[in-house]
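# Secondary and tertiary structure notes
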Amino acid sequence: MAPHFALLILSSLILTTLFPSAFAGVGMREDPFIRQVVDRSGDDNENSLNADHHFTIFKRRFGKSYATKEEHDYRLSVFKDNLRRARSHQKLDPSAVHGVTQFSDLTPHEFRRQFLGLNRRLRLPIDANKAPILPTNDTPSDFDWRDHGAVTPVKNQGSCGSCWSFSTTGALEGANFLATGKLVSLSEQQLVDCDHECDPEKQGSCDSGCNGGLMNSAFEYTLKAGGLMREEDYPYSGSDRGTCKFDKKKVAAKVANFSVVSLDEDQIAANLVKNGPLAVAINAVFMQTYIGGVSCPYICSKRLDHGVLLVGYGSAGYAPIRMKEKPYWIIKNSWGENWGEKGYYKICRGPNICGVDSMVSTVAAASTSH
Ligand SMILES: *[C@@H]1O[C@H](CO)[C@@H](O)[C@H](O)[C@H]1NC(C)=O
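The structure reproduced in this document is the subject of the present report. (Residues numbered from 1 in each chain as written. Predicted model: local features only at pLDDT ≥ 70, side-chain atom pairs only at ≥ 80, totals over all residues.)

## With respect to the overall build of the protein
To keep things clear, this is the line we draw: Only runs of H or I of at least four residues qualify as helices and only runs of E of at least two qualify as strands under DSSP, and these elements are numbered from the N terminus. Contacts here follow a simple rule: the backbone-placed C-beta atoms of the two residues must lie within 7 Å.
When helices and strands are tallied, the protein shows 9 helices and 10 strands. Put simply, of all contacts in the protein between residues at least 6 apart along the chain, 74% involve residues at least 24 apart.

Written as structure tokens, this is what we have:
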């Protein structure tokens with residue numbers, strides 16, 4: 001652990017030294033709020049005055065209020081730390097825009113606990129089916145399942161570590177659309193309440209509501225349980241204190257089989273195009289401050305902590321620092337439409353950035369006959 005940490009600090013020092021002011025004019029949107037947040041000019045004194053001002057705007061914009069003066073002052077100090085982190089993320093990730101988000105009053109630990117939820121103790125089962133290798137020479141250069149009607153609107157997991165359930169429903173919604181021609185929004189709450197699927201090889205590694213889970217285990221649960229209900233028949237509450245209310249008569253989508261896709265990005269693209277949106281895991285550290293653009297950090301941990309949905313890819317997102325067009329993945333997140341680019345995240349393709357290629361699964365739906 002320690003050598004990695006040292007390396008990270010060393011690398012960020014090098015980057016800061018190499019690219020001191022390269023980002024001053026980088027395509028910021030015409031939002032003075034964001035511009036100020038990532039503006040590197042001005043001394044620290046001025047920045048700290050700005051922070052109070054930004055905090056006022058932040059509270060208004062996201063409807064934040066704090067019960068006590070102590071809580072308020074503590075959140076202000078966390079907010080200031082997050083302004084610094086946003087600036088450092090901006091330096092490390094110049095092709096994206098980083099700044100104030102709805103998570104700017106949370107410590108990284110609170111953020112991970114409340115808004116992620118990939119159970120890190122879980123590994124892919126050794127006996128997981130491997131997806132067959134597909135031909136890759138005829139995959140289109142750009143592809144987006146949103147253009148083909150396979151993706152439901154962006155949902156919101158609230159402050160519950162249930163990302164894994166949204167990744168799972170997203171993949172099955174797409175697969176069910178391919179199998180039946182109908183797009184049906186599926187129930188995350190069923191997974192949160194009813195899915196306690198465990199990895200038999202690892203003790204204590206079970207899907208557990210707001211405390212995390214894994215998409216592959218959730219596919220396994222769904223296969224065994226007989227399917228998932230519709231969102232409207234089993235709506236999301238964002239709490240895992242309820243009992244399981246699964247009604248087998250109301251199943252709206254069934255899993256036929258699921259498998260793990262190889263680490264190869266061309267295989268991932270081919271599987272996406274052939275089978276529908278894919279459940280993927282990612283390291284979400286840059287997502288706490290992400291506002292838009294193609295995220296392509298110079299350094300990003302591959303430790304997976306968030307489950308999301310890969311819905312497409314593009315061949316050319318402009319990266320101003322690298323002075324060239326970068327291909328990227330299009331990722332549906334579960335933090336509402338006000339986060340990121342209308343709820344979506346773009347991350348560059350190529351070197352398994354933030355571990356995005358390391359845990360990819362595809363699911364096939366059985367056509368429900370009614
Ligand atoms: C998975 O299920 C689909 C739909 O029933 C089927 O077409 C496909 O061959 C299955 N794949 C595997 C690997 O069993």
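## With respect to the site of the ligand
Defined as follows: We call a residue near a molecule or strand when its C-beta atom, built from the backbone, sits within 6 Å of it. Three classes are used: nonpolar for Ala, Val, Leu, Ile, Met, Phe, Trp, Tyr, Cys and Pro, charged for Asp, Glu, Lys and Arg, and polar for all others, with Gly counted as polar.
Taken together, Ala256, Asn257, Ala364 and Ala366 make up the full set of residues near the ligand. Among the secondary structure elements, those contributing two or more residues to the shell around the ligand are β4 (251-261) and β10 (360-366). Considering only residue class, the shell around the ligand consists of 3 nonpolar, 1 polar and no charged.

## Points about the nonpolar core
Put simply, the rule reads: Buried Ala, Val, Leu, Ile, Met, Phe, Trp, Tyr and Cys residues form a nonpolar core when they are connected through C-beta atoms within 7 Å. Partly exposed residues are those whose C-beta has more than 12 but fewer than 20 other C-beta atoms within 10 Å; with 20 or more the residue is buried, with 12 or fewer it is exposed, and the C-beta atoms are placed from the backbone. Segment limits for the domains were obtained from an automatic or database-derived domain assignment.
Among the nonpolar cores identified, the biggest contains 82 residues, and Leu172, Leu278, Val280, Ile331 and Ile347 are the most heavily contacted of them. When residues of this core are sorted by domain, at least three fall in each of domain 1 (16-105) and domain 2 (114-366). Core analysis: the next-biggest nonpolar cluster, separate from the first, contains 7 residues, Phe55, Phe79, Leu83 and Val100 among them.

## What to know about the pairing of strand β5 (residues 278-282)
Here is the rule we go by: Should DSSP find at least two bridges between two strands, the strands are regarded as paired.
Of all 5 residues in β5, 5 are buried, a share of seventy percent or more. Here β5 shows no split at all, with Leu278, Val280 and Ile282 on one side and Ala279 and Ala281 on the other all buried. Note that β5 and β10 share 2 bridges and pair antiparallel. Bridge assignment links Val280 to a residue of β10, and that residue is Val360.

## Some details on the environment of Ser159
Inspection of the secondary structure assignment puts Ser159 in the loop between β2 (143-144) and α6 (163-180). Using a count of 14 C-beta atoms within 10 Å as the deciding quantity, one classes Ser159 as partly exposed. Expressed as a C-alpha distance, the spacing of Ser159 and Phe115, which sit 44 residues apart in the sequence, is 5.5 Å. Leave out the neighbours within four places in its chain, and Ser159 touches Gln114 and Phe115.

## Looking at helix α8 (residues 215-225)
Burial runs high along α8: 9 of the 11 residues are buried. Taken together, the buried positions of α8 are Met215, Asn216, Ser217, Ala218, Phe219, Glu220, Tyr221, Thr222 and Ala225.

## Digging into unusual backbone geometry
In this structure, Lys342 is a non-glycine residue whose phi angle is positive, near 55 degrees. Among the structural elements, Lys342 can be located in the loop between β8 (324-332) and β9 (344-348). Residue classification places Lys342 among the exposed residues on the basis of 11 C-beta atoms within 10 Å. Even without being a glycine, Cys354 presents a positive backbone phi close to 55 degrees. Its place among the elements puts Cys354 in the loop between β9 and β10.

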